Structures are given as C-alpha cells and as structure tokens.
Amino acid sequence: MIAGQFLEQGLAIADVEARKVLRDPTELFSRAVQPVLWLVIFGRVFGRVRGIPTGHLDYTAFLAPGILAQSILFSSIFYGIGVIWERDLGIVHKLLVSPAHRSALVLGKALAAGLRGLAQAVLIYVLVCLMGIGLRWSPQALLGVVLMVAAASALFSTFSLMIACIVKTRERFMGIGQLLTMPLFFASNAIYPIALMPGWLRIAARLNPLTYVTDALRGLMIAGGGSVYGLRLDFAVIAAAFLALTAATSVLYPTIIR
Amino acid sequence: MTGPLPTGDVVVAEDLTRRFGEILAVDRLSLRVKSGQIFGLLGPNGAGKSTTIKMLTTLLEPSAGTASVAGFDIRSQPRRVRGRIGYVPQLVSADGALTAYENLNLSARLYGISSRQRKARIAEGLEFMGLSEHGGRLVKTFSGGMIRRLELAQALLHRPDLLFLDEPTIGLDPMARRTVWDKLKELRRSLNLTVLITTHDMEEADQLCDELAIMLDGRVMARGESAALKAGLGQAATLNDVFAAACGGVIRESGDYRGVGQRRRTASQLG
C-alpha cells in the first residue's frame, strides 16, 4: 500500500516533468550542440596527436562515451535551478503541503532527469553513428547504457537539487554550478585515461562518480571497448552515491522554501 | 487517510512561536478556529500571518508551542495534517506549463485519489470553478481569476476538512475577487468547509470572515467578530479603524525585500 502510493507519487512528478520537456524540447536540441563540438572538433584534432594512450581504440571512439557522460553531467548539474524557479513561483509549496513522501518527490524529479538524459543519449548515438564510430548493439549492452545514463542523470540531478536546497538563490546556484562542472569533468577519465594524471589528480578521479559513469559507458557502448574497473563496481558506486544523495536531499528539500 | 473528524475546533494553537535567528516572527500565538467557520488573520506585512499559516500547514516547524489541525498534531503527525488540509499559497502555485487538467491530475495523484475516482473529481472541480471549457488549456494562457479558481479546485480535490488561503485575492481585479469570494461562501454553505484566510483587504475580511484576529509583530492584538470589533470603537467605526487601533494607529514600515518581491510578482502574474 505504502510502496504503491510512493511509486504513484514519484511517477506523478516524473510524468509532469516529461510532459513539459516534450511540450518544449528546445533545451534537448540546444544541449546537443556542445557534444557535437567536442566530438567533431576536439575529437578529430586530438585524434591526430596520437599522444593519448587509448589502447586499441581510436581517440574519437575513446572520447564518445566520455562526451555522453559529460553531456549528462552538464545538463543535470543545472537541474536545481528549475526547482529554485518553481519555489519562487509557489509550485514547490503546493508539492510540499501534499501528503506525498518527500523522497518520492525527489525520486520523481530524478526519474524525470533520467528520461531527459536518455533523450540526450539518443541524439549522441545518432551523432556517433554519423561519425562512423563502431557501437555495440546487443540488447544487453543497450540495456546497460540505458540504465547507466538514467542512473547518472538521476545522480547528478539529485546532487543539483541538493545544492539548490542549500544555496537557495539562482545567482549563488549558477556560481556553484559553474564551479563544479569543470573540475568534475577534467578530474575524470572522460577525455583522457586516468593513467596520464599526476598522483593527486588520480585520487580525485577515483573519487569522482563521473569516472565510473564513463568507465561503464566505455565498456557498454563502444565496439571493442572495455571497463577498467568492472561494470559491477561502476554500477555499485553510482547506485550508492544516488541513494546517499536522495536520502540527504529528501531531508533538505522542504527547507528550500524557508 | 482518515482521521478523527473535527467537530469542534479544527485548529487549536497554543503558544505557537517561530524565530528566524534574532527575529521573533510569531510570538506565543494561541488560536482556535471552529468547524465551518471562515477565520481571518489580518495584519500589516511582516506581522507573522504567513509564518503562522506555514506552521499550521507543516511547511515550517515551530520553534516552540503546539498546534493541532483537523485533529492531528503538526509536529508529530505532519503527513496526517497534510492529508486533511487544502492550501492556496500567496504565490501562484498552478504550473503554467501544464494544462488545468494536468495540474488537477497531479494533485489527485499526490493526494492518493484512486484512478477510478480521479476523472470524476477533476470534472467536478473544473465545473464548480467554472473552468469546464478550459481543462485542456495551458494555465499560462489563463487570466488571474481563472488561475486562482484552478488553485482552489486543486486545493479542494481531496475534500479537505480545512482550507488555508494566504492572501487569495492579491492582484485580482474587483470582478475576479468577487467571484473568489462567492465561491468561498458557496463552499462554506454546501460543504460546511472551515477556512483560515490571511488578508490585507478590509472589505474582504468584512465580507467573508465570521471571526478575525489582527496580528502585529507576531502577536494577536485584537480578536472577535467583525461587528463586535467595530462596535467596540463606536457606532461609525469601520474595520479600517479597528485595524489602525489594533496596530497602535501608527503607519509602520514593515515587510522585507523578499516578501515585497514575492507580493509584487504574484500581483503581476495574476493581474
């Protein structure tokens, strides 16, 4: 009974979020521009350098999962600003005064972010196909990509929601968001292997969830690609981080209106 | 989610207090609202009206004191309280990017209204508020009065015992304001609904409220029926005179930057 209510409440939130994106998908397409630049310009240029040890993979094939991971990070990390906007409009008040579980409200937002992430993944798959990069099309591999993209989007959007609940204003949020995205991106294996990094950065990269997202996508998405840490560890890290952040954000979410 | 049916006092607050750091927003407020009553909280900006409503709707924890709403304790049974109340905040809470039907459907799902009952309840709510023709329209195309009526429909969808309205007619033109008043009177007549309303508008308080409490600096300065409060000042006294007397007859600079911004934004969205 309680599980059913919880699921219904979470799905209700995800449903309205998805309707809003489908009604105005401009953001999905505008967010696809940056991956094009990274893959087509950065990937092609650095592919010629041949100084980055990517094993038997071509550099653009090595880069593609990293750019999908980056795309998920960049779009999810600013998700919280929408919640600040909803707070200013009074929509959050309406949600919080309902008997819905706070964690169901947070999970519903995360689920909606997962759906947005999957839409972005489709666009990046189209781009990667057009570039002639070999992809894995087995049902298991595709299911793995779907799960990791949804989980990573949920993780980073919940992180973003937590920041929004702490900083509370759009101006502060934009500053923090900008501050977080680049370090998370560069201190990961998205555009180069961790082996190239100095020791201190290697430690930071191993603590960075984006590293495990990229590692899993590299193993699941690219023909001939492999996961360095193993898919089990990759999924376990993302799931554990997501659960911890959801628990913290469920407590913080009601404080956004104060 | 059923609870003890409120028969006597639907709201009972004892020494309810809320501090924000050094600021005492609500100071040992005690209040009783009877079943079926429209109770008005009046006061200048920053008097503590909205903070009181936020505590009673469980959006804000009290710093001290207790309160029960619809028979449930706001501290120990907040989810039960939320299941028995409806709330229309001062801000615009309907989502402009959704249709009226989608807004109502979201509320229905969050309040656990079964899928079998949902369509009928939504149709009933739209009809009662005169919005039947507009269920499929995006709310951002609505007038201010239509938005407020939709928000009332959302707040009433789960048939609450008590409705909280935080300045419900702010920013509305006189016609839209009168329509909201008529709907509230009709609700009280047909459902014996209890309403706790905050307002700045003396005409609204006079027209709607059975009992009033005038707040200043987080405290109740005067309380009673409108007629009795006016009679206490003399035969020709108005509610404005009662308000001025309760507030010490002094024009006070009150409210903060954020509060003023919110009020102006709401007025601009609905106007």
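Residues numbered from 1 in each chain as written. Chains lettered and ligands numbered in written order. Predicted model: local features only at pLDDT ≥ 70, side-chain atom pairs only at ≥ 80, totals over all residues. Heavy atoms only, no water.

## Re the overall build of chain B
To keep it simple, the criterion reads: Helix and strand assignments come from DSSP, with helices taken as H or I runs of at least 4 residues and strands as E runs of at least 2, each series counted from the N terminus. Relative accessible area decides the class of each residue, using a 1.4 Å probe on protein chains only: under 20% of the type maximum gives buried, over 50% gives exposed, and in between gives partly exposed. Two residues form a contact once any of their heavy atoms are found within 4.5 Å.
Scanning chain B for helices and strands turns up 10 helices and 10 strands. For chain B, the proportion of its 271 residues judged to be buried stands at 55%. At a minimum sequence separation of 6, the contacts of chain B that also span at least 24 residues come to 70%.

## Notes on unusual backbone geometry
Its identity is not glycine, yet N192(B) carries a phi of approximately 55 degrees, on the positive side. Looking at where N192(B) falls in the secondary structure, it is placed in the loop between α6 (174-191) and β8 (194-199).

## Details of the environment of A216(A)
Residue and element names in this part refer to chain A. In this structure, A216 sits in helix α11 (residues 209-221). The exposure class of A216 is buried, given its relative accessible area of 0%. The sequence separation of A216 and R232 amounts to 16 residues, and the corresponding C-alpha distance is 8.9 Å. Each residue touching A216, except ones within four places of it in the same chain, is listed here: M148, L231 and D234.

## Digging into the state of the cysteines
Residues and elements named next belong to chain B. Keep this limit in mind: Cysteine sulfur atoms that pair up within 2.5 Å are treated as a disulfide.
For the coordinates displayed, the defined rule picks out 0 disulfides over all chains. As a non-bridged cysteine, C247 has C209 as the owner of its nearest cysteine sulfur, 16 Å distant. Judged by relative accessible area, which is 8%, C247 ranks as buried.

## Examining the interface of chain B and chain A
Inclusion rule: Summed over both partners, the accessible area (1.4 Å probe) lost when two parts come together is defined as the buried area. Only one rule defines a salt bridge in this text: a Lys or Arg side-chain nitrogen within 4 Å of an Asp or Glu carboxyl oxygen. Definition of a polar contact: a pair of N or O atoms within 3.5 Å, with one able to donate and the other able to accept a hydrogen when the atoms are protein atoms, and with sequence-neighbouring residues admitted only if both atoms are side-chain atoms.
Every contact between the two is made by 33 residues of chain B and, on the other side, 29 residues of chain A. The contact between chain B and chain A buries some 2900 Å² in all, and 56% of this surface belongs to carbon and sulfur atoms. On the chain B side of the interface with chain A, the three residues burying the most area are L59(B), R109(B) and L110(B), jointly 24% of the side's total. At the boundary of chain B with chain A, the tally comes to 6 salt bridges. The salt bridge partner of D95(B) is K20(A), with a shortest N-O separation of 2.6 Å. Between chain B and chain A we count 14 residue pairs in polar contact (both at pLDDT 80 or more) in total. Within the residue set of the side of chain B that touches chain A, elements represented by two or more residues are α2 (78-84), β6 (85-88), α3 (100-110) and α10 (257-270) of chain B.

## Description of the packing of aromatic side chains
Test applied: In summary, the pairing rule links any two rings of Phe, Tyr or Trp, Trp by its six-membered ring, whose centres are within 6.5 Å, and it sorts them by plane angle into stacked for under 30 degrees, edge-to-face for over 60 and tilted for everything else.
Evaluation of the coordinates by the stated rule reveals 9 aromatic pairs over all chains. Taken together, the aromatic side chains of W38(A), F42(A), F46(A), F74(A), F185(A) and F186(A) make up a single cluster linked through ring pairs.

## Regarding the sheet that holds strand β2 (residues 23-34) of chain B
Residue and element names in this part refer to chain B. Heads up, the rule is: Two strands are said to pair when DSSP picks up at least two bridges between them. Axes, fitted as lines to C-alpha atoms, cover a helix only where it is in contact. Angles between the N-to-C directions of the axes lie from 0 to 180 degrees.
The antiparallel open sheet is built from 4 strands, whose spatial order is β2-β1-β4-β5. Two strands lie at the open edges of the sheet, namely β2 and β5 (72-73), each paired on one side alone. In the sheet, strand β4 (residues 64-69) pairs with β5 via 2 bridges, with the strands oriented antiparallel. Directly across from S68, in β5, lies its bridge partner D73. Of the strands in this sheet, β1 (9-20), β2 and β4 are in contact with helix α1 (residues 49-56), which crosses β1 at around 115 degrees.

## Focus on the packing of helix α4 (residues 59-77) of chain A against α11(A)
Residues and elements named next belong to chain A. The condition is simple: Roughly parallel here means an angle under 35 degrees, roughly antiparallel means over 145, roughly perpendicular means 65 to 115, and every remaining angle is called oblique. The sense of a crossing depends on the near helix, which, turned anticlockwise from the far helix by less than a right angle, makes the crossing left-handed and, turned clockwise, makes it right-handed. Side-chain classes are defined by residue name, with Ala, Val, Leu, Ile, Met, Phe, Trp, Tyr, Cys and Pro counting as nonpolar, Asp, Glu, Lys and Arg as charged, and the others, Gly among them, as polar.
The contact between α4 and α11 brings their axes to 8 Å, and the two run at 135 degrees. One element, α4, and the other, α11, form an angle in the oblique class. Seen along the crossing, α4 lies across α11 with a hand that is right-handed. Between α4 and α11, the contacting residues are F62, A64, P65, G66, L68, A69 and L73 on the first element and L210, V213, T214, L217, R218 and M221 on the second. Of the residues that constitute the contact of α4 with α11, the class distribution is 10 nonpolar, 2 polar and 1 charged.

## A word on the confidence of the model for chain B
Short version of the rule: pLDDT: the predictor's confidence for each residue, scored from 0 to 100.
Per-chain confidence: chain B averages 89 in pLDDT, with 89% of residues scoring 70 or above. Confidence drops under pLDDT 50 across residues 1-6 of chain B; counting only partners more than four residues distant or on other chains, this segment forms 14 contacts.

## Brief notes about the nonpolar core
Across soluble globular proteins, nonpolar side chains show a tendency to be buried alongside one another. Convention followed: We define the nonpolar core as a collection of buried residues of types Ala, Val, Leu, Ile, Met, Phe, Trp, Tyr and Cys that are connected through side-chain atoms lying within 4.5 Å of one another.
One finds M221(A), Y253(A), V69(B), F164(B) and L196(B) to be the most contacted residues of the largest nonpolar core, which totals 109 residues. At 13 residues, the largest contribution of residues to this core is made by helix α8 (residues 139-167) of chain A. Apart from residues no more than four positions distant in its own chain, Y253(A) is found in contact with V83(A), V92(A), L95(A), L96(A), L105(A), V106(A), K109(A), L161(A) and C165(A). One finds A94(B), L104(B), C209(B) and L212(B) within the second-largest nonpolar core, a separate group that totals 48 residues.

## Notes on the layout of surface pockets
Under the convention used in this document: Cavities and pockets were defined on a 1 Å grid built over protein atoms only: a cavity is a set of grid points that admits a 1.4 Å probe from which the probe cannot escape, a pocket is an open set flanked by protein on both sides within 12 Å along at least five of seven lines, and lining residues are those with an atom within 4 Å of any such point. Grid points are joined across faces, edges and corners, and a volume is the space filled by probe spheres set on the points.
Roughly 840 Å³ of volume is contained in the second largest pocket. K20(A), W85(A), E86(A), D95(B) and A97(B) are, among the 32 residues lining the second largest pocket, the residues nearest its centre. Residue assignment for the lining of the second largest pocket shows that the elements contributing at least two residues are α1 (2-23), α2 (26-30), α5 (79-89) and α7 (102-130) of chain A. The leading source of residues in the lining of the second largest pocket is α5(A), at 7 residues. By residue class, the composition of the lining of the second largest pocket is 17 nonpolar, 4 polar and 11 charged.

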